[in-house]
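Below are the chains, spelled out letter by letter.
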Amino acid sequence: MADALGEDAGRLQAWGIARRVETALYVANDGTIPGALGGMGEARVLADLLGI
């Protein structure tokens, strides 16, 4: 996908992680803390797997 878009793969990976964090923050803002923590955990695992 990165090649098709002419972007660096690492940049797209970091963007995806950032969107997961952003979603978790929105969920936390709505008062659903367990859901937000789950989203943050998913973002952390993905970042670790990708070496970000």
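One structure accompanies this document, and this report is about it.

Rules used in this analysis
- Residues numbered from 1 in each chain as written.
- Predicted model: local features only at pLDDT ≥ 70, side-chain atom pairs only at ≥ 80, totals over all residues.
- Heavy atoms only, no water.
- Patch = residues over 30% accessible without salt bridge, like charges linked within 9 Å, V, L, I, M, F, W, Y side chains within 5 Å.
- Areas by Shrake-Rupley, 256 points an atom, 1.4 Å probe, with all protein chains shown as cover.
- Salt bridge = Lys/Arg side-chain N within 4 Å of Asp/Glu carboxyl O.
- Helix = DSSP H or I, 4+ residues; strand = E, 2+ residues; numbered from the N terminus.
- Expected span 1.5 Å × (residues − 1).
- Buried < 20%, exposed > 50% of the residue type's maximum accessible area, 1.4 Å probe, protein only.
- Arc of directions from axis to C-beta.
- Contact = heavy atoms within 4.5 Å.
- Polar contact = N/O pair within 3.5 Å; in protein donor to acceptor, adjacent residues only side chain to side chain.

All right, on to a nonpolar patch on the surface then. A surface patch of nonpolar side chains, amounting to about 390 Å² of accessible area, comprises Val45, Leu49, Leu50 and Ile52. By secondary structure assignment, the location of Leu49 is in helix H3 (residues 33-50).

This brings us to H3. Taking 1.5 Å of rise per residue, the 18 residues of H3 would be expected to cover 26 Å, and the 26 Å separating its terminal C-alpha atoms lies within 8% of that figure. Burial in H3 covers these residues: Ala36, Gly39, Ala43 and Ala47. Axial view of H3: buried residues confined to an arc of 75°, hence all on one face. Residues of H3 that are exposed and angled more than 90 degrees away from the buried face: Pro34, Leu37, Asp48 and Leu49. Where H3 is buried, its residues contact helix H2 (9-29). Just beyond H3, the residue with positive phi is Gly51, at close to 75°.

Moving on, we get to the pattern of salt bridges. Overall, the coordinates contain 3 salt bridges when judged by the stated rule. Put simply, Glu22 and Arg19 hold a salt bridge, and the shortest N to O gap is 2.8 Å. Here Glu22 pairs with Arg19, and both are found in helix H2, just 3 residues apart, close to one helical turn. Note on Arg19: relative accessible area 32%, which makes it partly exposed. A salt bridge links Arg44 to Asp48; its shortest N-O distance comes to 2.9 Å. Placement of the pair is Arg44 and Asp48 together in helix H3, with a separation of 4 residues, close to one helical turn. Residue class for Arg44 comes out partly exposed when judged on its relative accessible area of 45%.

In this section: H2. Helix length check: H2, at 21 residues, gives a terminal C-alpha distance of 30 Å against a target of 30 Å (1.5 Å per residue), a fit within 8%. The backbone nitrogen of Gly10 lies 3.2 Å from a side-chain oxygen of the residue at the head of H2, namely Asp8. In the segment just after H2, Gly31 is the residue with positive phi, at about 95°.

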